[in-house]
Every structure is written in structure tokens, then in C-alpha cells.
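Results of the structural survey
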Amino acid sequence: MAALSDTKIKAFIDTLLRKTESIDELLAVLQRSALSIVVFSDNFADSPWCLNEVDTIAQSMAMFGHRALPVFYKISWSDVAGDSGKYSVTIDDKLKASSRDKKRWRDALKVVANCAGHTSEAIQIESELIKMIVEDVQRLRIDMSRSITSNNLVGMGSRVLEVERLLAMGELDDTRIIGLWGMGGVGKSTLAKACYERIVSSTKEIKHHFVWNINGNCEKQQGVNGVVHGLYSKVLSESNLSREDLDMNYRRARLSRTKVFIVLDDVEAPCQLEQLLLGDVSNLNKLFAKGSRIIVTTRNKKVLQNAIAKVYGVECLNDDESIQLFSLRAFRQCHPPDSWMHLSRLATLFCKGNPLALRVLGGTLFGEDRDYWESLLGGLRLIQNPEIRDVLRRSYDKMGADEKRLFLDVACFIHGISRSRLIGYMEILYSSAHAKVKDLIDKSLLICFSSNGGEKIEVHDLLKEMAWSIVNEEPKLGKRSRLVDADDIHKLLSTIKVKRWSAFLINMFFKGIEMVLPKRKIRKVTDMRCEGSSALEGDKTTEGISLDLSKAKEMYLEANAFEGMNSLVFLQIFKPENPLFYPVDEKIHLPYGGLDSLPDGLRWLHWDEYPSKSLPSRFYPQHLVHLIIRASPIETCWKGFDQPMLVNLMVLDLSYCFNLTAIPDLSKSIKLEELLLRECTSLVELTSNVQYLDKLITLDLGYCVNLERLPSKFDSKILKHVRLCDCLKIKHCPEINSGDLMELDLGGTHVRDLPDAIYYVKEGGIIRLCGENITNFPTISASLQEFCICHSAIEEIDSYDHHQSSSELLPKFAKLKLVGNSKLKSLPKSIWDMVSSHLYISESPLLESLPEIPNPVKGLTELSITACESLKSFPSSINNLVSLSFLNLGSTGIKSLPSCIVELVRLDVLDLSYCKSLESVPSNIHKLPNLHHLHLRGCRIIQSLPELPPKLRDMDVGGCKLLQALPSNASKLSWECLRFHDCPQLDSTFHNEIVANYPVYALSQRSKGVLQYSGSEIPEWFAYKSMNDKDGSCLSVQLPPANFTNKQPIKGIAFGVVWSSDASDVWPIMKCDCDIGPITFTYKSAHQLSLDGDGSNSSDNVFLWFDKKSSRKFKERKGEADAWYVKYGGQAVSFRFYPDLGYEEDVKLLNNYKIKRCGISLLY
């Protein structure tokens, strides 16, 4: 496996399948693979599983061209395939199986063993044998894909194999249609052609024909009859026969005896396919002989529905495939030169995996210089290319007017939401919205994908660009139906006030005299007059505005900014990220009194960081469906007692409005489905009329820390999500009578009595409970995604053992979290059967032991038992946690681990941090084949470590006070993160070697690496170091000339700081701002600063990190071709280092961190 992995061959080993699983699991893997390596050894035939594997491989070879490479290891071919060979004797004498199975196994062994392979007798040196096997795998893969890749058909190999599996040419008892469905330019015709050529070249006894561009030919010939005539004349080898001479009954009789393989390319409508298949689309067995196959390519899924076709959705290329296809066009080679890789990746980002766009863009850039690339990519609009535009627009142009409008609405504004929510919104604007949305999905203009148990709607970026270009064809900005461009929106909203100036003022100031507006920046009237150009005169017919605040300019709006926009139904001013985590930067400013009004026709109002205390009093939102005002200083939506009735409202989201004291009147909002008030910290009461919202699905009141009063019950029978987490003043949970409840979060509350609702949460749901009043573990019968109990008075979990006799009846919690249950003393034996994925137990100081694990536990992948100081040992049967990949026993009292831990072959993370009684780790730990992370931070009495696992990349031994030496192989591993700070007795030889060779280790990593150790000096090999003793966090550098870095490319940058912290329990990352003139961009460490076992670092520490990604986008400018140190070569650069927590609220916590020195080094 390692040898195959080293040559970038993706391989699967059957040990990843449990022997108890169905052989169908293996068949699924084989159908995605092109080649199997079968290692025949002495005891191979003792295992029915292995024999069934060989039989499955033999079937795959017959069905869809799978290849096998046999390896005879210390055994001969005759022993495997001979009638009286060792395997045959074993099958007859040792295995209990039917004679039918035994014959099946023998036949399969002969099929696989007769393939060309290798024997250990011929190549006795194992390393040479492995080398020959890898070379053969490479050769066979090239041979298999030669017909696919000979014409630069990138990414088609696996797709062709999948289509061939659906075709199942070896099955002769039926006829079938395979549909290739996808958006324009995605490669449907190319894939069909590749399959056609492979099958035609290997299948002689079949009539075949490929009909290109049926839709285009039908348009040229004004109908499909000519295409039908040409198709069947070719298939039946007819000649000199005009359409008037057709005898369809005669043809049908001949076709029914003819096995055919036909490709019908670009069929647009169901009626076309019906005519092409002579009216027998749903019964091909009447038209063609058994064994016939039809491939249909289409953008319209409805074409395939009546045909009862097997549909293969053709997806876009992945990132690596995109780079390869682009490179073949742009450089005439498989991969871009290293110096062009960043620009190439930037180019492929525009294409989003669409092969047509990749080919066109690559061809456009072929042979051009770097300046041309930068110029083109800086303002690229692929949809402007006629070849791409014509392909993508065809489906749009043939739609009806309402379908076009609906598509433009989704593409410009409301993609990325649930399918049901989209339909609910569109039903207000369009008739038959459900059918129209489905039609757009079927025509590949919308993408529907599964997400969190539901369906979401998305639009491919090229189709979004097409939608924007269609809207931009509308000539006048003020008359343009939809606006998404930040500059256009700025022009529109900044011009209204010009009309309010009298002609006298315009004449007085038009020469450019500056005027001061109250609480505004200084503006020039001449500038404002330009903005008020004729394109904006008259009433505005704009229907929708969507402004991404991250791209917007600062805007000062007048009170009447939206006056005259009577057609506006969609207004979205949003932050693409969760606004909670980003400080308000006030891109949009309103007058002191706010806006005069908003258009009464608005259906969708989403305004993040809305800069006013209330919405306009002259805004009558009777049509409003979505109202989303997040992270705003708003106090109440409407002032006064005359509250508007929100009769059509479906979503109300006022999350992160910290000043909100009251929500709107919802007494008439009978359609409301979502009420989101997360972190409205000034809200005290949720009004009683919320009780009667019987369409309510989601209620989120999380972190409303001052909320005291709730309705006594919620009447909605379809309520799915109730979140009251950290509502500290809530003492009672309302009655919930929903039969659809999926989530009940009471974590961090002070609810006195467990609500009955916990017993009605559905399968796959989430329950989080908290409170000292919980004294018994609830008898939940459902299988939940997550069950969490925090800070309870539970002493033991035994109810299931008493009341249920079989573990099969136990609930299966995918995640079980028990946190802060200070009285918990024991766990039941059944605990291992209750959890299927993750088990977390923390802060239970009385828990002394864990039950033994009598049987293999297949599902548990993460086990975390932390801050349980009384836990002294771990079960000796730990090896039965066969799927475990993550084990955290931090801050427990364990002294050692069982040696059988090495049987956990999937273990990736082992965390024993702050185990102060830990004396040693198992001496055979080096046998853990997949351990990448080992954390021993703060293990104060451990003195030495055994040989380390070969794949270890991350180790933390900081604060191991008595650690004297690391094993000899530690300096030979490829470290991504290594910490050995505050280890006063550690041998300095290892320290010096690691620090001196850090650039070598760093450059061997894929991207980033971290090193932390005790010390007060930046390493000598750093080229630039701070010289200012007063402020060691800043550094100024004169970069090498650009021509120097172009000749000798920089492979990455090493950053270093010397720091200390007097007393802090926060673990920040380190950041470095690089300033070149007005431009600032930031590098950050991939890992946090680590504290020692005491929780502080009063002594000096050196923290080094490396960034191999030498090409970076600037914050303010996208599309830069080169790294900053190339683009600004020869110029002065200043660096400023600082710790960062990622949120501003706790910035004071960082005052204890002091940076004493810093440095950077460019690595070549």
C-alpha cells in the first residue's frame, strides 16, 4: 500500500472491510476501481471470504472490464488453479460449502490466476517484487485508459468505467437506455463518445451508430424525421432510400432481430426521443433485439423519465482534473510549470470544473505572456466568450417568461437555501412554482443536492454569471430588473438625493465647491451630478437588489434612498459569513432619523448590520415573507403601538441584535416557519402569541441570557428544532406537542423538571439537557444523533441494564456527551453498546474505572475521557475498540496504557496531555501504523519515550519536566508540528539538530509546519531579525530584487517569534501582518501557541512556523499572479507579529502575551 501511495496511485485494501460485512461492499468498491491485485499465499484458500472476493473480481472482469494482477507469494500457479492443486484440495476437504459454491470458487481462481502476474520464486527480493508490481499497475492503468486519454479526455477514466457498468454489455437478456444528464459544457457528449469508441472497438457483432447534435439537426431540418431516417438507414445498412419509401413495419421487423448500440446526442425534449425510438420509448424490447443498448445525452431529465432509463449525472471535474485539462490547452502539457501554477489555479477557479470553459480559457491563454494572463484574469467574464455563452444560453432561451424570471431570481439572489423554502417563497410570486423549480432542476439550470437530511438548491457559477449578463443586457441602470454588482448598487442608491437638490443649489455649487453635509463625508456636487446621469431618470423598475457587504464601498444613504422603487420585491444586504464573528464595520450609513420608507411591495428583506434602531414607520410590510435583520443595533422593528401585521411572514431572523428588547407582533403570522433570535441578549420575554404559530418549524433562542418568560406551550405539530441553550434564567420548558421534534437543546439552562418532550424526539434527533435536578439517566428509547447531559446529579447509568435484557434493544447514540456530572461514579457494561460513534466524558472526578469491552465494538471512532482525576487505569480489552481513530485521556489519573493498544490499526490521535501520573507509554507504540498525532503535554514524571510510529507528524511533549531524551528515530520523522518547550532535562543534541534542520523539515511538508521550544533567541539561519529591544514584535526588511526571486523561486517563508506569557488560560494563534505601502496582508500559524503543564509560560519560548504556499491573494486585491515578495521585490516591507484569538471580545486576555523578538526567512 505504501509503495502504491508513494506513486500517487489511489488504492483500497480489503482489511478496511470487516469480514462480517456483505460481499456487496466489496463489489461496490470494485465497480469504482479499474484493477485488483490478488496476492495468493499459502493459507489463502482457507478463507471463504477470500474465495468470495476472487469470485467477485472474476465477475467484475466479465461484466465491466475489470483487470486483475495476480501475485503468487511462496506458492505456484498449479497450487492455485490446478484441478488437484493445494487450493482445490483445501476447498474440497476443509471448507463446508455447497458443491455449487466450490465449483464457483475453483472457476474464479482459474480466471484470475490465468492473468499475467508475478511470482516470488522468479523475483525473490521482496523490494524488487514490490517495485515490479507497482510498475505493472502503472502500465496496466495507462493501457486501460489509453483509448480514453489519447485525445486528452481528462477525468474520463472513472466516468467511462461507471457508464460501462450501467451498460452491462455482458448481460444479453434485456435492452436498456442509459441517460447522461448534466449542464451544458459538462462533457456529456465527450463521455458518450469515449464509451462508444471503447465498446465499438471491442464488440464486433453489434450494429452501432452515433448521432451527433440531434437538437441542432432538428432545428436545421425543421423536424426530427430526417434524423430518424438517417439513423435507421445506417443501422440497417440501407442505401438509396428516400423518406417517401419508408416501410416502418418492414423496418420494425428487421430491427427486432438486430442488436444495436446507438448514441443519441443532445436530445432536448421527450417528444424527440419518442420519435427517434419509433414510439416504443418505454418498451425497447419490442423495437430492438435483446442485448441492445442506447445512450442518450441530455440537459433535460424529463427526456429520460418515460424511457425508464438508468441516469448517470455527469458532474464537473475536480480541482486536479481541472488543472490538468486547463494545462493541456494552455501549456500543451499535463501540468503547468511551477512558476505558472498559481495563475493556473486562479484561472480554473473561474471555470468551476466545467470542461468547456476550461478548454476555451486554456486555449485563449496559450502562448500569452504573464501580463496578458493577469490582465485577462483580473476582469474575466467567461460568459462573454461566444462559444461558452451559446452553449449555456440555449436552455434558458427556450424557457417561458415565468421560468426565465424565476431562474434569474434564484441565480441572482436566493440560491443556497432549502428546496422547500425556495418553493414556498416562489409560490407567492409565480403560479405552479413547485413544477417550475422541478423543471429547472431537470433542465440542469438548478442543482439540487442533499444537505442535513433535506434538499438544497444551488446554481453553478457559470450559470450565475450567465444570469448576471442577461440582466446587464437591460440598458438603463434604473430600469434594470436585478442588481448584484456592488458598483451598480452604489450608483443607484447614491443618486436619489440629487433629485432633492433644487436647481438653485445645483447651479450654485456645480463648479466643484465643497459642501458639508451633516454627519457625512465631504462630497462634491459635481461628483453627485455624474452619479445622477440620465440612465437613472424616472421611476425605477428594479425588482431585486443583492449587495455583498464584503465587496461594497462605504455608502451614505439619504432618508429617501428607496423612494420610487415601487417594483422592488427583493432587498438583500448581507455578510457572506456569520455576522457574529466579524466586527461591524458600518459600510452603510443612514441619517440620524433613519430611512423615511422602504417599498411596500418587498417580499424579502435581509439586511445584516442594519444601522438604525428601528425600521421605517412608513414601511407597511403586508407582503413580507422573509425578514432577516442580524447583528444590528435595532431595538424594536417598529416603534409605537400601531404594529404592522406580518400576515405572509415565513422567516423572522433577528439573531445577534444585542439591543433588541421586543419582537414584532406575530399574532397574524400564521405562516411563520422559522423564528431565530439567537443571542438577543436584551430580550426578556417571548410573547404569548408565539404559542399559536402552528406552522412553526424552528425556534432558536440560544444564548438569550436575559430571557425569563416563555409561552406555556407551543401548539405547532410540526416543530422540529427548539434551541434554548444558555438561556440562564429559564426555569421551565414549555410544553411541546410536536410529532416531528428533531432537536431539543436545553443545555446551560436551569430547567427544574425534565420535559416530556425528550421522550418524543424522533430517531436521529438531538437532545441536550442540563441541571442539578436531573438525578437519573433518562430512559430514552430512540436512537439519537447526539445525547448530552451536563452538570447533573446523576451518580450512575444503570437503568438500561435493569430494564432491557438485550443490547439490541439499547438506544444507539451516535454521540453521547456527559460533561460536568460531578457525582457520576460508574458506567454500565452496556455503555459500549449504547454509543455508535463518539463517547465524551469530562469533569467527573468520582469516576474511577471504565467497564471492560467484552466484544469487538465496530462503530466507536472517538473516545474522550478527560478531567476525570480518579480514573487510574484503562480496560485491558481496549483492542476491542476496532474502529477507534481518536483517543483522548487528558487530565486523568492513568499510569499506563495496555500494550494491546497497538492493535488499534486505525488510531490516528492519542492525547494523554496533563496525565500527571503517567509513567510511560507502551514500548510497542511504534507498531501503530496510522498514528499521526501524539500529545503528552504536561506529563510531568515521564522520563523517556520508546521508538515512535513511522507516520507520526505531530508531537507535543511540552512541560514534561523529567523527560531526558527522545528516541533515535525522532530526528528522522517528517514533523508538521513538534513542541518540546519547558523540558529542562531534555538532551540538547536533539534540540540543536531539530532547530538547525527545521528548514529541511518545513520544505518537506505540503503546506505548513510548527516548531516550539524553550529559548530566547531566533535561530541563526533566519535572514531577518528584529533589532528593537523595546518592541520585538516589529521588523523591517528590504526584499531581494524581483529578478532574483524569479530566477531562484522562493519555496516558502519561515516566521519566528520569542514570546512569554505570565498567566493565561487562552491559547491564541500567531499572526503576522505584512505591510507594503497601503497594502496589508496576513499570514497565520496553523497551530496555537502551547502553554506548559502549569497553564503558563513565564519563561521565554521560541515559536517557528512555516508557510509553503508562496502564492497569496491580497486582502484588498484578488487575482494577483505572484507572491508579495516577487511582486514587490526590492521594496521595503514591515512585519508586525501578534497573538490572535479570532474574536475581539476577549482581546484583553492577550495582554499577558509578550513578543520579545521576531524574524522571517525566505526559503529557497
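Just so we're clear, the structure is a prediction, and the values are computed from it rather than from any experiment.

1. With respect to the overall build of the chain
Across its full length, the chain carries 33 helices and 45 strands. Counting all 1164 residues of the chain, 52% fall into the buried class. Accessible surface computed for the chain: about 52400 Å², of which carbon and sulfur atoms make up 49%.

2. Some remarks on the environment of serine 597
Note that serine 597 resides in the loop between strand 17 (588–589) and strand 18 (604–607). Given a relative accessible area of 15%, serine 597 falls into the buried group. Spatially, the C-alpha atoms of serine 597 and tyrosine 620 are 8.8 Å apart, while their sequence positions differ by 23 residues. In this structure, serine 597 is in contact with Ala559, Phe562, Pro616 and Arg618, ignoring residues within four places of it in sequence.

3. Points about the sheet that holds strand 6 (residues 260–264)
Here five strands make up an open sheet; going across it, the order is 5-6-7-4-8 and the pairing parallel. Sheet topology places strand 5 (207–211) and strand 8 (310–313) at the edges, where each strand pairs with a single neighbour. If you compare each strand with its neighbour and ignore which way they point, the axes differ by 15° on average. Pairing of strand 6 with strand 7 (residues 293–298), which is carried by four bridges, proceeds in the parallel orientation. Counted as the bridge partner of isoleucine 262 is isoleucine 294 from strand 7. Strand contacts of helix 8 (residues 157–167): strand 4 (176–181), strand 6, strand 7 and strand 8, with the helix running at about 155° to strand 4, the strand carrying the most contacts.

4. Here we look at the packing of helix 21 (residues 401–414) against helix 24 (residues 461–472)
At a minimum axis distance of 9 Å, the contact between helix 21 and helix 24 shows a crossing angle of 115°. Regarding the angle of helix 21 to helix 24, the classification is roughly perpendicular. At the point where helix 21 passes helix 24, the crossing takes the left-handed sense. Contacts between helix 21 and helix 24 involve Phe407, Leu408, Ala411 and Cys412 from the former and Leu463, Lys464, Met466, Ala467, Trp468, Ile470 and Val471 from the latter.

5. A short note on unusual backbone geometry
Even without a glycine there, the phi angle at alanine 867 is positive, about 55°. By the element assignment, alanine 867 lies in the loop between strand 31 (862–866) and strand 32 (886–888). Although it is not a glycine, tyrosine 914 sits at a positive phi angle of roughly 60°. As for its placement among the helices and strands, tyrosine 914 is situated in the loop between strand 33 (909–911) and strand 34 (933–935).

6. Brief notes about the sheet that holds strand 41 (residues 1069–1076)
Sheet architecture is open: four strands sit in the order 39-44-41-42, paired in antiparallel fashion. In this open sheet, the two edge strands, each paired with only one partner strand, are strand 39 (1034–1038) and strand 42 (1079–1088). The sheet shows a mean angle of 25° between the axes of neighbouring strands, direction not considered. Two elements, strand 41 and strand 44 (residues 1132–1140), share seven bridges in a ladder whose sense is antiparallel. Pairing of lysine 1071 across the sheet is with tyrosine 1138, part of strand 44.

7. Notes on the side chain of aspartate 1073
Here aspartate 1073 is to be found in strand 41. Here the side chain of aspartate 1073 touches tyrosine 1138 through a polar contact of 3.1 Å, side chain to side chain.

8. A few points about the side chain of threonine 56
Assignment of secondary structure puts threonine 56 in helix 3 (residues 48–64). Residue classification places threonine 56 among the buried residues on the basis of a relative accessible area of 7%. At 2.8 Å, the side chain of threonine 56 and the backbone oxygen of asparagine 52 are in polar contact.

9. Considering the packing of aromatic side chains
What characterises a pair of aromatic rings is the spacing of the ring centres plus the angle enclosed by the ring planes. Per the counting criterion, the structure on display carries 29 aromatic pairs. Taken together, a centroid distance of 6.3 Å and an interplanar angle of 65° make the contact between phenylalanine 562 and tryptophan 607 edge-to-face. Taken together, the residues phenylalanine 562 in the loop between strand 15 (555–556) and strand 16 (570–574) and tryptophan 607 in strand 18 connect sequence positions 45 residues apart. What makes phenylalanine 562 buried here is its relative accessible area of 2%. Note on phenylalanine 787 and phenylalanine 813: the rings are 5.1 Å apart at their centroids and 40° apart in plane angle, and the pair reads as tilted. Here phenylalanine 813 lies in strand 29 (residues 813–819) and phenylalanine 787 lies in strand 28 (residues 786–790), a separation of 26 residues in the sequence. Judged by its relative accessible area of 0%, phenylalanine 787 falls in the buried class. Given a relative accessible area of 0%, phenylalanine 813 falls into the buried group. Counting every residue linked through ring pairs, the aromatic cluster contains Phe40, Phe44, Phe72 and Tyr87.

10. Looking at the packing of helix 22 (residues 419–429) against helix 23 (residues 433–442)
Between helix 22 and helix 23, the least distance of the axes is 8 Å, while the angle of their chain directions is 130°. Between helix 22 and helix 23, the angle is such that the two are oblique. Crossing of helix 22 over helix 23 shows right-handed handedness. Along its contact with helix 22, which presents Arg419, Leu422, Ile423, Met426 and Glu427, the element helix 23 presents Ala433, His434, Val437, Lys438 and Ile441.

11. Structural notes on the environment of glutamine 643
Turning to its location among the elements, glutamine 643 is positioned in the loop between strand 19 (626–628) and strand 20 (651–653). From its side chain, glutamine 643 meets the backbone oxygen of tryptophan 638 in a polar contact 2.7 Å long.

12. Considerations on the pairing of strand 42
Pairing of strand 41 with strand 42, which is carried by seven bridges, proceeds in the antiparallel orientation. Note that in strand 42 the partner of cysteine 1074 across the bridge is phenylalanine 1081. Following strand 41, the chain reverses through two residues before pairing antiparallel with strand 42; glycine 1077 in that reversal takes a positive phi of roughly 60°.

13. Considerations on the pattern of salt bridges
Summed over the entire model, instances satisfying the criterion amount to 52 salt bridges. A salt bridge links arginine 419 to glutamate 455; the nearest nitrogen and oxygen atoms lie 3.4 Å apart. Of this pair, arginine 419 sits in helix 22 while glutamate 455 sits in strand 10 (residues 454–458), placing them 36 residues apart in sequence. A salt bridge links lysine 438 to aspartate 442, with the nearest nitrogen and oxygen atoms 2.9 Å apart. Here lysine 438 pairs with aspartate 442, and both are found in helix 23, just four residues apart, close to one helical turn. Look at aspartate 442 and you get buried, because its relative accessible area is 3%. Within this structure, Arg678, Asp700, Arg723, Glu743, Asp745, Arg768, Glu786 and Lys817 form a network of salt bridges that share partners.

14. A look at the confidence of the model for the chain
Averaged over the chain, the pLDDT score is 81; the fraction of residues at 70 or greater is 82%. Throughout residues 1110–1121 the model reports pLDDT below 50, and contacts reaching past four residues in sequence, or to other chains, amount to 32 contacts.

15. Notes on a nonpolar patch on the surface
Taken together, the side chains of Leu754, Tyr759 and Tyr760 present a nonpolar region at the surface, about 300 Å² in accessible area. Relative to the elements of secondary structure, tyrosine 759 occurs in the loop between strand 26 (743–745) and strand 27 (766–770). Looking at tyrosine 759, the relative accessible area reads 40%, which means it is partly exposed.

16. Let's talk about the state of the cysteines
The term disulfide refers to a covalent linkage connecting the sulfur atoms of a pair of cysteines. The tally for this structure, following the rule as stated, stands at zero disulfides. Here cysteine 983 stays free of any disulfide, with the sulfur of cysteine 960 as its closest cysteine sulfur at 5.3 Å. The class for cysteine 983 is buried, based on a relative accessible area of 9%.

17. Things to note about the pairing of strand 40 (residues 1052–1061)
Of all 10 residues in strand 40, 10 are buried; the element is thus mostly enclosed. What you see with strand 40 is no split at all: Gly1052, Ala1054, Gly1056, Val1058 and Ser1060 on one side and Ile1053, Phe1055, Val1057, Trp1059 and Ser1061 on the other are buried throughout. Of the strand pairs in this sheet, strand 40 and strand 45 (residues 1153–1163) are connected by 10 bridges, and their pairing is antiparallel. Counterpart to serine 1061 in the pairing with strand 45 is tyrosine 1153.

Definitions and cut-offs
Residues numbered from 1 in each chain as written. Predicted model: local features only at pLDDT ≥ 70, side-chain atom pairs only at ≥ 80, totals over all residues. Heavy atoms only, no water. Helix = DSSP H or I, 4+ residues; strand = E, 2+ residues; numbered from the N terminus. Buried < 20%, exposed > 50% of the residue type's maximum accessible area, 1.4 Å probe, protein only. Areas by Shrake-Rupley, 256 points an atom, 1.4 Å probe, with all protein chains shown as cover. Contact = heavy atoms within 4.5 Å. Pairing = 2+ DSSP bridges. Axes fitted to C-alpha atoms, helices over the stretch in contact; angles between N-to-C directions. Parallel < 35°, antiparallel > 145°, perpendicular 65-115°, else oblique. Left-handed = near helix turned anticlockwise from the far one by under 90°. Polar contact = N/O pair within 3.5 Å; in protein donor to acceptor, adjacent residues only side chain to side chain. Phe/Tyr/Trp six-rings, centres within 6.5 Å; stacked < 30°, edge-to-face > 60°. Salt bridge = Lys/Arg side-chain N within 4 Å of Asp/Glu carboxyl O. pLDDT = per-residue confidence, 0-100. Patch = residues over 30% accessible without salt bridge, like charges linked within 9 Å, V, L, I, M, F, W, Y side chains within 5 Å. Disulfide = S-S within 2.5 Å.

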